[in-house]
Amino acid sequence: MTEDKKITRRDFLRQSAIAAAAAGMYSMASPNALGANDRLNFGVIGCGGRGTGLLQDLVNRSKNADANMKVVAVCDIYEPRKERAKGICGGELFHEYTDLLAMDDLDAVVIGTPDHWHARMSIDAMNAGKDVYCEKPMTLYWDEAKEVARVQAMTGRVMQVGAQSASDDRFWKANEVIRQGGVGKLLWTQGGSNRNSREGEWNWWIDPAASPDNLDWKRFLGSAPERPFDPERFFRFRKYWDYSGGIATDLFYHSLAHLQIALTPEFPKRVSAGGGIFAFHDREVPDTYHTIIDYPTHHTVVLTSSMANRQGVEDIIRGHEATLYFRGRGVVVEPENEYKDERQGLEVPSEPRPDHMTNWLECVRSRKQPHLDAQAGYKVMVAIALGVKAYRENTVVQFDPEKERIVS
């Protein structure tokens, strides 16, 4: 990371604190719960593949007789995507997301932009009095997540981080089992995500018509380093460190989010990582990546992944007295041989639970905290981002959970 980049991020955090203080009016009291008859107005920022999927989901929900909601605005910096989004929802078009946030009748926003914009947009939205659904990862860097969590706590807005599996009831059932001593002392947990393709993951289609005339390149870069116009970086941003953490921020954030739901979210104390570019040499981020996360509760999470072989590992939580598996639509606990005389096997079926978007929408009305709120999302992001840091710097990163800072 260049010194210029460090200064840019430092300035971002300093300016965020100033902006949040100036917007302190929103922190004085949380908004009252909305009634079922109060219409919610939404805006969508970022209308690429994932953003368009979220937009379509909201529009579909708005067509239900009892939904009482509407997408009233969309924002993007690439003209074809902007026009496509308008065709889906009929909402007002914006180029600058801050103009969208200035709408008085806007209640909440969905953010589906590249990773390096998540922190800035989430903070600006909450300071503008809007609730936020931000796609994973929560941010690109750990200290950005700390600032987002601080602003959320100050403003009282409802923020959901978009790791959908955090709303899978199996992981909430696992949490109940573990808290009741169902596996004994926690030891270590495994998880991950594997894929494979001939072309390489994230090599999405590049629109040959894209040019500086219809794609605001400078706005895309934002706080990232200056670079010449390059459609490859825009359409395939997950391959580059400037805008993404690769496997870590795309896939491991999902895995660790739902595992932390099961384990109860906490900050790590030590993170290391390994892997490399072994098959696809058209990128900066590794195609094979593993991280080890040690927690102060004397428990370790190991995440493994490759984008060049789809044979991965299942989610398993290991305790001293029993092991917990996620099988079918439920949780299965099998005692260790040494404890079979004292323990019996256990099967806990999952129960109906609102999906991730439904959970957020319900919380926007009730003002309750959603499944993966800003505080839990922050704890997950620290481990994910420190893994990237450990990999890129070929080191082990120590973290102080009490002071919430990296230990030199």
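The following paragraphs examine the structure supplied in this document. (Residues numbered from 1 in each chain as written. Predicted model: local features only at pLDDT ≥ 70, side-chain atom pairs only at ≥ 80, totals over all residues. Heavy atoms only, no water.)

1. As for the sheet that holds strand β2 (residues 69-75)
1) Next: Taken together, the six strands give an open sheet; going across it, the order is β3-β2-β1-β4-β5-β6, and neighbouring strands pair in parallel fashion. Of all the strands in the sheet, the pair left with one neighbour each is β3 (92-94) and β6 (159-162). Averaged over all pairs of adjacent strands, the angle between strand axes in this sheet comes to 20°, irrespective of strand direction.
2) Next: With four bridges connecting them, strand β4 (residues 108-111) and strand β5 (residues 131-135) associate as parallel partners. Note on β5: the bridge partner recorded for Val-110 is Tyr-133.
3) Next: Relative to β5, helix α11 (residues 356-366) is tilted by about 165°, and along the sheet it contacts β1 (40-45), β2, β4, β5 and β6. (Pairing = 2+ DSSP bridges. Helix = DSSP H or I, 4+ residues; strand = E, 2+ residues; numbered from the N terminus. Axes fitted to C-alpha atoms, helices over the stretch in contact; angles between N-to-C directions. Contact = heavy atoms within 4.5 Å.)

2. Observations regarding helix α7 (residues 169-179)
For an α-helix, the turn length of 3.6 residues means that residues three or four places apart are oriented alike.
1) Next: Burial analysis of α7 places eight of its 11 residues in the buried class, which makes it a mostly covered element.
2) Next: Considered for burial, the residues of α7 that qualify are Asp-169, Arg-170, Phe-171, Lys-173, Ala-174, Asn-175, Val-177 and Ile-178.
3) Next: Check the buried side of α7 and you find it contacts β7 (186-192), α10 (247-263), β11 (316-319), β12 (322-327), β13 (330-335) and β14 (346-349).
4) Next: Residue Gly-181 follows α7 closely and has a positive phi angle near 80°. (Buried < 20%, exposed > 50% of the residue type's maximum accessible area, 1.4 Å probe, protein only.)

3. Things to note about the side chain of Thr-288
1) Next: Mapped onto the elements, Thr-288 comes out in strand β9 (residues 288-295).
2) Next: Given a relative accessible area of 11%, Thr-288 falls into the buried group.
3) Next: Within the structure, the side chain of Thr-288 is placed 2.9 Å from the side chain of Asp-287, a separation counted as a polar contact.
4) Next: Within the local environment of Thr-288, its side chain forms a polar contact with the side chain of Ser-306, the two groups lying 3.1 Å apart.
5) Next: Leave out the neighbours within four places in its chain, and Thr-288 touches Ile-247, Gly-274, Gly-275, Gly-276, Phe-278, Ser-305 and Ser-306. (Polar contact = N/O pair within 3.5 Å; in protein donor to acceptor, adjacent residues only side chain to side chain.)

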